Structures are given as structure tokens and as C-alpha cells.
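Chain residues, written in single-letter form:
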Amino acid sequence: MQISTQKIPAFLFIILAIFMFFLIIGPRVSDEQQRKHCVYNIHLPGPFGLSLNCDSLDFLSLADNPKIFLQKGNVRQDRPGFIVLASALSKFYPLKMNKAMRRAVHIATVNGNGYYMPIFYFKYYVAYIIINIAVLVLSFWFFSKIIFKKMPGSFVQIALGALFIFNDPVKAFVWSPHTQMFNIMLPLFCVWCFVGVVEKKLFKKKTVFTLSLLAGLGATAYASFFLILPSIIVPAMLTQKPSGVSAVSRFIVRSVVISILVVLPSALWYFYVLSKTGSFYSHSTEAYHHVIWMKEVYLHDGLTILLAKLFSNFGELFVLAAKQSWILLPVLALALVANGRSENKIQWRDFFQSTQFIGCIFISIIFLVFFSMVGLIAARIAYTAVPPLIILTAYLMQQVPHNKTTLTYRLIPFVILSYGVYEVVKDGPYS
């Protein structure tokens, strides 16, 4: 059965809704284990409940009073965008909290210190969850635009798209006010930009300036938005035809303008805070020495040790990404079996030279390199390398000239659905 490109995000949204429903059967962490797993339990009527990430209350309180950003040493001061968006969205919340709703939303004692979430945070919570869902739906849109440019999709492609839902970041964070959904959407966005530059001359269109400014606004919420720059400029440089000094000059000027638009919102916010408070606090660099650790290691131990540490970081992130993408191996095995039984084989040379293959591998690598340089080693961060691999697997499936009624073809959705069930029932992750 073939499915139009426009309907694929809708199908995936339905799968997301079902997955989220099963995730609110809980809380899955006992109240005594909240501190250990860095969560806050919310008890709902019946068998339902949530374990919110321990950063949630910080996001909620800031959405309620964004002026707190200007307090010296505020841990979210360098990335206000996500919180400001939720605060603005909450203004459109149509319902008031009546007594029944107040009874329905009860939060358990947190971390043993007797803190309770004020009930008026509920509208901000709803705003954050809407943003989380919107980010995932946008991810589905990018997926459909990258893969299904020339032909309709099928249940196999929809099943592969469901892997953007059946994963640890969604399980742990989709019901929490948090930025982790960007770790799914941003790699897809970058692949979409890469393919657009190569196949649709995106770099030469005015649209690229709008995308750059939007990415710049996004960077005020999550720093990985800055990776739009290599996703656009590198393929533009590689496909640039040597046609004289004027063409090179236009390329440089356009690249500079794009870079300025991406950096501008963060720069304006920096100088605004500086003008109001006389200082600017970055919790990631002050508390965790993200990025600046490279300078410290270089000055103390030299270039060789720095390079060794970077390679070590990359290796750790690579292993964490591999552990989260193992489900692609049985899918690929079934695809190769289907290919082996077909009279017309995959044209491997064309596949490895395709824009999709080069773009997906490039984007996976730059995300791992980026976080290796940041110095942040965590499974949810390493997952950024996985979405391009899912795209690549879906693209490979398009190249398999198989009979869609074969058992091999039918097994792929079953395998992925089984993985989704496993993701729901397994223990953790919780944060």
C-alpha cells in the first residue's frame, strides 16, 4: 500500500500519541527513588502518572517569571529561547484550573525536601509539551521531505519513521519540560539543509537567509542549531563550480551573511544581559567547562593530549550512539535478504555516491565532533548521530527492488513495532 508524502507526518503523529499514552502509565519510579533517577513524580487518577526530569521545575518557574533570567548566575541565562517561547505560548491557554483539575494534578514530595509544584505552573507545562510534540512533528516533516521526494511512502517507511518515536530521548523527556527533543529534530533539519543545498540550490536562494535567522533564534534555545552552518556552507563549497574571482567572492559574502544571521540573536541577547546586569553567566562553561576545557587541556598538557582527549570523546559518543541504533541492524539484514532475492540488485555505487548517503554520514559525524568538542558525553547527546542513520536506512529501502507482498517486506514493520513495545516496557531511562 502506497501512502502520499503529506500523510506520513500524520501517521507518525498517531503513533506518537499512542506511544505517549503508554508512557503515562505510572509513575514508573517510586517516590523513594526520585533523587536517584533525577525525576519528580506526578500522580494522576487511576493507573496514570509521570516522572518529570529534575530540570522541569526550573523550566516551569522561569516560564512563569522570565525576569529571573537577569539574575546574576541564573543557570539558564545563556539559553532563554525555549523558555521564552513556552511563556509566550502559555498566554493562549484557554482553561482555568478548577477544583477538579487541581485534585487531578498532584505532585509527590520531591527529593525528600518537601517541595511541591505550584498548580499555576500547569499552563506552562502544557505549553512545553505542545512544543515537544511540535518539534517531533516537524521532525516527521523533514523525514518525509528528505526521503519521499519522487515517490509515495509505504508502511515500511512509516515504520522506520516511528524510530524517531521509539527511542530513549523521547521516552525519558517527551512528557517533561526540556530541550531534548531537539536532539531528534536538529540532525534531520541539518540533513534536509544539506540535501537542499546540493539538489535544490538552497544556498543560492533567498530562503537560506530566513532559515539562517530562524536557526539563530533556535540557537538561543539549544546550541546545536549552530550546526546549520556546516550543513549549508560545506555542501555549497563542495558543489561550487570554479568560475572566477567574482563567484568565489559571492560565495564568501553569502557565507558571511548566513553566519551573521545565525549568530546574531545569541549575540544580541548576550549584549542585552550584559547591559542590564554587567555580567553574563554560562552555566555550561562555568560549572562543566564545556568547550573551554580544550583551551585548558592545551595550555596545561599540550596539543597531543588535547587531540587524544577529543578522539576519546568521539569514541565514547560513537559507542553510545551505536548502542541506541542496534535496531537498524535487523532491518538492514532484512533489506539485504530482499535485495538478494530480487533480479534487479541495489546499485551500490550510486547509493554510496548519493547526496543522501554523503549528507547523512556527514551530519552524524559533525554532531559527534561538535559534542566531542563541547565535552558532553551522555547517551541522549550521542543519539544525535542516530536520526541520519534512520534516514539512510529508509533511503536504502527505497533502492531495494522487492516484491512488497514478500514475508521479508512484511517483517520489517513487525520488527520495529516489537522494538517500540520493548522501548515502552523496559526499565528506564528516566532522565
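For the structure, check the block above.
Residues numbered from 1 in each chain as written. Predicted model: local features only at pLDDT ≥ 70, side-chain atom pairs only at ≥ 80, totals over all residues. Heavy atoms only, no water.

(A) Spotlight on the overall build of the chain. Each helix and strand in the chain was counted, giving 21 helices and five strands. Taken across its 431 residues, the chain has 49% of its residues classed as buried. The contacts of the chain with a sequence gap of at least 6 include a subset with a gap of at least 24, amounting to 77%. Only carbon and sulfur atoms are counted for the fraction: they give 67% of the accessible area of the chain, which is about 20,900 Å². (Helix = DSSP H or I, 4+ residues; strand = E, 2+ residues; numbered from the N terminus. Buried < 20%, exposed > 50% of the residue type's maximum accessible area, 1.4 Å probe, protein only. Contact = heavy atoms within 4.5 Å. Areas by Shrake-Rupley, 256 points an atom, 1.4 Å probe, with all protein chains shown as cover.)

(B) Focus on the state of the cysteines. In total, this model carries one disulfide according to the counting rule given. What pairs with Cys38 in a disulfide is Cys54, and their sulfur atoms sit 1.6 Å apart. With Cys38 in the loop between helix H2 (34-37) and strand E2 (39-43) and Cys54 in the loop between strand E3 (49-53) and helix H3 (56-64), this residue pair connects regions lying 16 residues apart in the sequence. Under the relative-accessibility criterion, Cys38 is labelled partly exposed at 28%. (Disulfide = S-S within 2.5 Å.)

(C) How the structure looks around the packing of aromatic side chains. Taken as a whole, this structure holds 32 aromatic pairs when the rule is applied. On the numbers, 5.2 Å between centres and 45° between planes, the contact of Phe82 with Tyr128 is tilted. A residue pair is termed long-range when its members are at least 10 positions apart, and Phe82 in helix H4 (residues 81-90) and Tyr128 in helix H6 (residues 122-147) qualify at 46 residues. Neither Phe82 nor Tyr128 differs from the other in exposure class; each is buried. Between Phe194 and Phe362, the aromatic rings sit 5.7 Å apart at their centres with planes inclined by 40°, giving tilted as the arrangement. Separated by 168 residues along the polypeptide, Phe194 in helix H9 (residues 182-200) and Phe362 in helix H18 (residues 355-374) bring together distant segments of the chain. (Phe/Tyr/Trp six-rings, centres within 6.5 Å; stacked < 30°, edge-to-face > 60°.)

(D) Main features of the pairing of E2. Most of E2 is tucked away: four of the five residues are buried. Relative to E3, E2 is paired through five bridges, and the arrangement is antiparallel. Residue pairing across strands places Ile42 opposite Leu50, the latter belonging to E3. Remark: five residues form the turn of the hairpin made by E2 and E3, two consecutive strands paired antiparallel; Gly46 in that turn has positive phi of roughly 70°. (Pairing = 2+ DSSP bridges.)

(E) Representation of the environment of Ile8. Looking at where Ile8 falls in the secondary structure, it is placed in helix H1 (residues 8-23). On the basis of relative accessibility, which here comes to 0%, the residue Ile8 falls in the buried class. Separated by 147 residues in the primary sequence, Ile8 and Phe155 place their C-alpha atoms 9.4 Å from one another.

(F) Layout of a nonpolar patch on the surface. Together, Phe13, Ile14, Ile18, Phe21, Phe22 and Ile25 make up an exposed nonpolar region whose accessible area comes to about 550 Å². Residue placement: Phe21 occurs in helix H1. (Patch = residues over 30% accessible without salt bridge, like charges linked within 9 Å, V, L, I, M, F, W, Y side chains within 5 Å. Salt bridge = Lys/Arg side-chain N within 4 Å of Asp/Glu carboxyl O.)

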